Amino acid sequence: MDRKYKWIAVLLLSHSALATEYEYSLGTSGSSSTNVTQRPDGQEGSVYQADLTFDISDENLYDWQIDFASSLSRLNYDNDELADETRSNIRLESTYQPKDTNFSLMLFGDLSQVPANRFQTEEVNNLRDSQTVAFSPNYFVRLDSQTDINLNYQHIDYQVEDSGPIVAQVDNSRTAQSASFSLNRQINATNRLSLVLQETDNDYDNDEQVNTFDFRQSDQILRWVVVNATNEMQLDLGNSNVDGASGQKASEEQMRFSWNRQMNSRQSVTLELFEGVANLININAASGTISINPQANALFRAQRSESGTFQYEYNTGLVSFRAQIFETNLFGIFADNDEIRRGHDITLSTSLSRLLSSPLQRLLTFRYSDTETDFNIIGNSIEENRIKQSFIRYDHVSSSTLSFYSTFEKREAKQLDRNLGIIPNTSEYFTLGFVYRDRGQW
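Here's a quick rundown of the structure. Being a predicted model, the structure only gives us computed values, none of them experimental. (Residues numbered from 1 in each chain as written. Predicted model: local features only at pLDDT ≥ 70, side-chain atom pairs only at ≥ 80, totals over all residues. Heavy atoms only, no water.)

A look at the overall build of the chain
This is how it is decided: Secondary structure elements are taken from DSSP: a helix is a run of H or I of four residues or more, a strand is a run of E of two residues or more, and numbering for both begins at the N terminus. Here the radius of gyration uses the C-alpha set of atoms, whereas the globule reference equals 2.2 Å times the residue count to the power 0.38. In what follows, a contact means two residues having at least one pair of non-hydrogen atoms within 4.5 Å.
A count of helices and strands for the chain gives two helices and 22 strands. Taking 2.2 N^0.38 as the reference for a compact globule, 442 residues should give roughly 22 Å; the C-alpha atoms of the chain span a radius of gyration of 23 Å, in line with that estimate. Dimensions of the chain, computed from C-alpha atoms along their principal axes, come out at roughly 65 × 55 × 40 Å. Here the analysis covers contacts within the chain between residues at least 6 apart in sequence; of these, 56% occur between residues at least 24 apart.

The structure is reproduced here in structure tokens:
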């Protein structure tokens, strides 16, 4: 099967469960920009955009659990230097668990975009398709009322579109296969301890590329999971032995700490810490959630990751607030290729209709983000990229299905090139649009 369509096969495998409720939206917008190309020598221009979304959220039908979200956008530019673009984001998480059996099957598919040239700051005409498809059968044997053995196989296929020799390290498509054995002990109603042994083989598709190296990884992990009414916590402590295709060997300590706390009906906090060999996807044993490594397109060999994320959310109905700070460091295990990404973002929304006691439904949203990436890559002159974005949006809801909006966005980018110095790049956008939302069932 052509790998380009593997994610479609994932959807078809769970088709029998899709007789359920769904939500969808249709929208269109027009934007005027002071720098539509997002380049240092950019020009004024306009963007016309059409959007479609389709979602099925956390449905349980027959022996399947389904979570599906998708968006499709078509962007048309009036600038002759730019090519029109189609941007898509399709994600499926599905678990098949027949009743009265010890077997389950996890399916995962994600189709989105990553930078074609990740060393540049512009997003316009600098994207290529990226797809991740995974399946994972699982079987457990219960030894007694509190102890079981778990056997798991995981197959992950990561593919990026071939966009030509834009820069070094273009194609890092690969397949990762892993098998794991775990011995689990339920200490009480909320605490579980596990010993996990796992073997993973990472095979890059483009063996001719000088920067991609296959490697094997052996993990030995002691895991503690706590799940109760207000907390989800996972702590992993262990070691990873890494064997490179050319005979290199390394040993890396591994630590993962994940904590999500619902403080009360209005507030929640999330903390994620990780040190160890970077993987394509991560599965949280406490919450069962799946996440793709945000730097998956930067993984070209065995690399050590040191990352941390903290998030706080507050929602009263009148005002909602979300703040996040993160940092991710990638270090080459067998070579000095380092990449550091750090940043923070804040989102504040308020219901003007409730604030002003007005029957009209109106919402005002403000968002600010600041992201910085430092590079130490052999053969690359870019040392630092930094992007600041300020965004304000006003939504006017005309009916239960139709809303209109306007936005203003300012994007400030700065690049540090060791040969050219600092290269600034600023663009502003003003947008008007509408969205039609509805739900249905089949």
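A look at the nonpolar core
We apply this condition: We call a set of buried Ala, Val, Leu, Ile, Met, Phe, Trp, Tyr and Cys residues a nonpolar core when their side-chain atoms join them within 4.5 Å. Burial status follows relative accessibility: with a 1.4 Å probe on protein chains alone, a residue under 20% of its type maximum counts as buried, one over 50% as exposed, and anything between as partly exposed.
Counting residues in each nonpolar core, the largest one holds twelve residues, listed as Met 106, Phe 108, Val 114, Ala 134, Ile 156, Tyr 158, Val 160, Ala 176, Leu 280, Ile 281, Ile 290 and Ala 296. Of all the secondary structure elements, the ones that give two or more residues to this core are strand E5 (103-115) and strand E7 (147-160). Not counting the four nearest positions on each side in its chain, Tyr 158 is found in contact with Val 114, Ser 130, Gln 131, Thr 132, Asn 172, Ser 173, Arg 174, Leu 280, Ala 296 and Asn 297. In terms of nonpolar packing, the next biggest core, distinct from the first, is built from nine residues, Ile 56, Ile 66, Ile 90 and Leu 111 among them.

A few points about the packing of aromatic side chains
Each aromatic ring pair is specified by the distance between its two centres and by the angle formed by the two planes. Rules: For this analysis, a ring pair means two rings from Phe, Tyr or Trp (six-membered ring only for Trp) whose centres lie within 6.5 Å, classed as stacked if their planes differ by under 30 degrees, edge-to-face if by over 60, and tilted for the remaining angles. Whether a charge sits over a ring depends on NZ of Lys or CZ of Arg being within 6 Å of the ring centre and within 35 degrees of the ring normal.
Overall, the coordinates contain nine aromatic pairs when judged by the stated rule. A ring pair is formed by Trp 64 and Tyr 96, whose centres lie 5.0 Å apart and whose planes are at 35°; its orientation type is tilted. Placement of Trp 64 in strand E3 (residues 64-77) and of Tyr 96 in strand E4 (residues 85-96) is noted, with a sequence separation of 32 residues between them. Judged by relative accessible area, Tyr 96 falls into the partly exposed class, the value being 26%. An angle of 55° between the planes, with centres 6.4 Å apart, marks the rings of Tyr 312 and Phe 321 as tilted. Judged by relative accessible area, which is 29%, Phe 321 ranks as partly exposed. Note that Arg 367 overlies the ring of Phe 391, its terminal NZ or CZ placed 4.4 Å from the centroid.

Some points on a nonpolar patch on the surface
Just so we agree on the cut-off: Only residues whose relative accessible area exceeds 30% and that take part in no salt bridge are eligible for patches, with like-charged residues grouped when within 9 Å of each other and nonpolar side chains (Val, Leu, Ile, Met, Phe, Trp, Tyr) grouped when within 5 Å. All accessible areas in this document rest on Shrake-Rupley with a 1.4 Å probe, and a residue is counted as covered only by the protein chains that are shown. Only one rule defines a salt bridge in this text: a Lys or Arg side-chain nitrogen within 4 Å of an Asp or Glu carboxyl oxygen.
A cluster of nonpolar side chains, namely Phe 103, Tyr 139, Val 141, Leu 143, Leu 151, Phe 181, Leu 183, Leu 195, Leu 197 and Leu 222, defines an oily patch on the protein surface of about 840 Å² accessible area. Taken together, the elements giving at least two residues each to the nonpolar patch come down to strand E6 (127-142), strand E8 (174-186) and strand E9 (191-204). Tracing the sequence through the fold places Leu 143 in the loop between E6 and E7.

Considerations on the side chain of Arg 87
Rules: Side-chain atoms alone can form a polar contact between residues adjacent in sequence; in general such a contact is a pair of N or O atoms within 3.5 Å, and within protein one must be able to donate a hydrogen while the other accepts it.
For Arg 87, the position within the fold is in strand E4. There is a polar contact of 3.2 Å between the side chain of Arg 87 and the side chain of Glu 123. Excluding its chain neighbours within four sequence positions, the residues that come into contact with Arg 87 are Ser 71, Leu 72, Ser 73, Leu 75, Tyr 77, Gln 113, Glu 123, Val 124 and Leu 127.

Describing the pattern of salt bridges
This structure, assessed with the given rule, holds 23 salt bridges. Between Asp 243 and Lys 249 there is a salt bridge, with its nearest N and O atoms 3.1 Å apart. Note on Lys 249: relative accessible area 66%, which makes it exposed. Residue Arg 304 pairs with Glu 252 through a salt bridge whose shortest N-O separation is 2.9 Å.

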